[in-house]
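What follows is each chain in one-letter form.
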Amino acid sequence: MRVLIVSEVAAERQRAASALTLREGTEIVECDSGEDARRRIIDGGDVAVDVVIVDGDLQPRGGFAVLYDLRAKFQLADRPMPATIVLTGRAQDRFLVDWSGADRSMSKPVDPFVLARVVDELVPADVTA
């Protein structure tokens with residue numbers, strides 16, 4: 001499984017990646033901006049991912065807009081959208097989580113073990129592996 005983690009804050013990326021790397025066969029791809037994420041998984045198409053984890057506080061437009069854009073681009077390309085998780089800093093962001101089409105949201109700072117459990121729920125491990 002390949003997980004894309006998008007945050008400008010290195011500590012947020014590390015916190016999200018820390019427990020996910022314990023899962024056998026999991027590869028972490030980190031991006032420090034929404035533009036980098038778009039370029040790598042849509043425009044360049046060099047990274048196929050199973051889960052996208054986005055920090056809702058990305059600048060300048062926010063992680064919610066990044067997810068919304070990614071979902072639209074996947075639909076236009078007639079490609080299935082990977083599972084998505086947005087990391088939020090405020091309870092008031094619930095509207096934006098729904099608008100972005102995120103599969104799940106989690107409050108920051110994220111608990112790595114809870115995140116690992118949520119990722120497992122969204123993309124169960126292959127039982128034949």
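Each remark here, short or long, concerns the structure printed above.
Overview of the structure. Here the structure is a predicted model, which means the values were calculated and not measured. Residue numbers here run from 1 along each chain, matching the order of that chain's written sequence. Per-residue local features are limited, in this predicted model, to residues with pLDDT of at least 70; the limit for side-chain atom pairs, both in listing and counting, is 80 or more; totals at the level of whole chains, interfaces and linings are taken over all residues. As a rule here, side-chain values come from all non-hydrogen atoms in the structure, and water together with hydrogens is ignored.

Among the secondary structure elements, S7 is positioned in the loop between β1 (2-6) and α1 (10-20). Any N or O atom pair separated by 3.5 Å or less is treated as a polar contact, with the protein-specific requirement of one donor-capable and one acceptor-capable atom, and with residues adjacent in sequence counted only for side-chain atom pairs. Within polar-contact distance, the side chain of S7 engages the backbone nitrogen of V9 at 3.2 Å. A contact between two residues is defined here by any heavy atoms of the two lying within 4.5 Å. Residue contacts for S7: discarding those within four places in its chain leaves E12, R13, C31, D32, D55 and L58. Helical segments are the DSSP runs of H or I of at least four residues, strand segments are the runs of E of at least two, and each set is numbered from the N terminus.

Attention now moves to the pattern of salt bridges. A pair can form between side chains of opposite charge whenever their charged atoms are brought close. For this analysis, a salt bridge means a side-chain nitrogen from Lys or Arg found within 4 Å of a carboxyl oxygen belonging to Asp or Glu. All chains considered together, the criterion is met by 14 salt bridges. A salt bridge links K108 to D55, with the nearest nitrogen and oxygen atoms 2.8 Å apart. Residue K108 is found in the loop between β5 (104-107) and α5 (112-122), and its partner D55 is found in strand β3 (residues 51-55); the two are separated by 53 residues along the sequence. Taking the shortest distance from any N to any O, the salt bridge between R90 and D57 comes out at 3.1 Å. Taken as a pair, R90 in the loop between β4 (83-88) and α4 (94-100) and D57 in the loop between β3 and α3 (63-76) lie far apart in primary sequence, 33 residues in all. Relative accessible area decides the class of each residue, using a 1.4 Å probe on protein chains only: under 20% of the type maximum gives buried, over 50% gives exposed, and in between gives partly exposed. Relative accessible area serves as the criterion here: at 40%, R90 is assigned to the partly exposed category. Bridged by salt links that share partners, the residues D55, D57, R90, D93 and K108 form one connected network.

Moving on to the nonpolar core. Nonpolar cores were defined as sets of buried Ala, Val, Leu, Ile, Met, Phe, Trp, Tyr and Cys residues, with membership established by side-chain atoms within 4.5 Å. By size, the foremost hydrophobic cluster in this structure holds 20 residues, and its most contacted members are L4, V6, I41, V52, L67 and L70. Contributions of two or more residues to this core are made by β1, β2 (27-31), α2 (34-43), β3 and α3. Element by element, the count of residues in this core is highest for α3, at 5 residues. If sequence neighbours within four positions are ignored, L70 has contacts with R38, I41, I42, V52 and M81.

On to the pairing of β5, then. One bridge is not enough; two strands pair if DSSP finds at least two bridges between them. Sheet topology places β4 next to β5; 4 bridges connect them, and they run parallel. Among the inter-strand pairings, V86 is bridged to a residue of β5, identified as S105. With respect to chirality, the unit in which β4 leads through α4 into the neighbouring parallel β5 is right-handed. Crossover handedness is defined by viewing with both strands directed away from the observer: a clockwise path from the first strand over the helix to the second marks the crossover as right-handed.

For β3, the tally of buried residues reaches 5 of 5 residues, placing the bulk of the element in the interior. Residue alternation in β3 divides its side chains into two sets, V51, I53 and D55 and V52 and V54, and both sets are buried. Where β1 lies against β3, 4 bridges are found, and the strand directions are parallel. In the sheet register, L4 faces β3, and the bridge partner there is V52. Pairing between β3 and β4: 5 bridges, direction parallel. Residue pairing in the sheet places V54 in a bridge with V86 of β4. The parallel pair β3 and β4 is bridged by α3, and the resulting crossover is right-handed.

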